[in-house]
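Structural overview
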Amino acid sequence: MTYSTSTPELIATCWTSAGDIAPLNNPETSPVPIGERLEAIASTGWAGFGLAHDDLVAAKDTIGFSGLRKLIDQAGFRHVEVELLSNWWDESRSHEWKPQLELLLDAAETLGARFIKVGTAFGEPLDDLDFLVEPLRHLTKEASKGGTRIALEPMPFSMVGSMPAAAELMRSVDMPECGLVVDYWHVFRAGTSLEELSRSLTAEQIFGVELNDADAEIKGTLFEDTRDNRRLCGEGDQDVTGFIKTLQAIGFNGPWGVEILSEQHRSRPVREALESARSTALQCFPA
């Protein structure tokens, strides 16, 4: 795989290449065999990809992480992402999340992942996030032992609901191996303007970025809208190019994730879905 220096490096985040499967399906395992999936991602020009926890379980149980690493190296991928851990702040649920963390740490170390993506519980965003500081520090120390980092993704329907709140939380955690995933959908649905985003974030805090688009109107709940109605970049009502320019001005220069989640996207053959996700994202980059 070769890349032009002028072409932005794009990562097919886990749902973009997962086929007919959606968040909160049980299990969240892609119906596309891992070898076929990676071949489709490589052949459509992506610089990297992401895998969700249940896909990592399936890969470990079939070809193993060492077998998956061979496929990654053969395809020439430069970036790998693994996700998603929740409940990590709740010691009473450690019997659930600690085995998931161990698997994600194993995957990150073997596959050379850029970070482990973590989230927080669904619900109304909280004003006081101080209780997350020590658990995040502990997680970050665990990850850094294996040479990886922790990246928190704020979502407007979760405890950490906005980028400004998340950036403030990162200042409290104050560890260079702990940062943020900035998903454009979650930025505009939280009501954060590009000016507010620019004021709140530093380049050092941004570990990953996810590009997407959406209609002006929310359909159903926020979660239903994010899962079923995202649009390809440039085909919705949001300012994708303005978002890219804002992050570039902060000092972020990629790689850029593309996260497309929709009923329409899931219904397409995976290769076709990947081609359209990549080509539309590239069209949004400033010349």
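Note that this is a predicted model, so its numbers are computed, not measured.

1. Focus on the pattern of salt bridges
Evaluated as defined, the whole model comprises 22 salt bridges. Where Glu272 meets Arg268, a salt bridge forms, and the shortest distance between an N and an O atom there is 3.7 Å. The exposure class of Arg268 is partly exposed, given its relative accessible area of 24%. Look at the salt bridges and you will find they share partners, linking Glu83, Lys117, Glu153 and Glu210 into a network.

2. A few points about the sheet that holds strand 8 (residues 256-258)
One closed barrel holds the 8 strands; their spatial order is 1-2-3-4-5-6-7-8, and the pairing between them is parallel. Each neighbouring strand pair of the sheet contributes to a mean axis angle of 30°, computed without reference to strand direction. Across 2 bridges, strand 7 (residues 206-211) lies against strand 8 in parallel orientation. Directly across from Glu210, in strand 8, lies its bridge partner Gly257.

3. Concerning helix 3 (residues 64-75)
With 12 residues, helix 3 extends 17 Å between its outermost C-alpha atoms, agreeing within 8% with the 16 Å of an ideal straight helix rising 1.5 Å per residue. Along helix 3, the residues that are buried comprise Gly64, Phe65, Gly67, Leu68, Ile72 and Ala75. Taken down its axis, helix 3 places every buried residue within 160° of arc, on the same side. The exposed set on the far side of helix 3, more than 90 degrees from its buried face, consists of Ser66, Lys70 and Gln74.

4. As for the nonpolar core
Membership of the largest hydrophobic core comes to 85 residues, with the highest contact counts inside it found for Trp88, Leu169 and Phe243. No other element matches the 8 residues that helix 4 (residues 94-111) contributes to this core. Setting aside residues no more than four positions away along its own chain, Trp88 makes contact with Trp97, Val118, Gly119, Thr120, Leu132, Pro135, Leu136, Leu139 and Leu152. The next biggest cluster of nonpolar side chains, apart from the first, holds 6 residues, and it includes Cys14, Ala18, Ile21 and Ala52.

5. Comments concerning the environment of Met159
When you line up the elements, Met159 lands in the loop between strand 5 (150-152) and helix 6 (163-173). By relative accessible area, which is 11% here, Met159 ends up buried. Separated by 68 residues in the primary sequence, Met159 and Arg227 have C-alpha atoms spaced 18 Å apart. Apart from the residues lying within four places of it in its own chain, the contact partners of Met159 are Trp89, Thr120, Ala121, Glu124, Pro125, Leu126, Leu129, Phe131 and Leu132.

Conventions we followed
Residues numbered from 1 in each chain as written. Predicted model: local features only at pLDDT ≥ 70, side-chain atom pairs only at ≥ 80, totals over all residues. Heavy atoms only, no water. Salt bridge = Lys/Arg side-chain N within 4 Å of Asp/Glu carboxyl O. Buried < 20%, exposed > 50% of the residue type's maximum accessible area, 1.4 Å probe, protein only. Pairing = 2+ DSSP bridges. Helix = DSSP H or I, 4+ residues; strand = E, 2+ residues; numbered from the N terminus. Axes fitted to C-alpha atoms, helices over the stretch in contact; angles between N-to-C directions. Expected span 1.5 Å × (residues − 1). Arc of directions from axis to C-beta. Core = buried A, V, L, I, M, F, W, Y, C linked by side-chain atoms within 4.5 Å. Contact = heavy atoms within 4.5 Å.

Read these as geometric descriptors, not functional statements.
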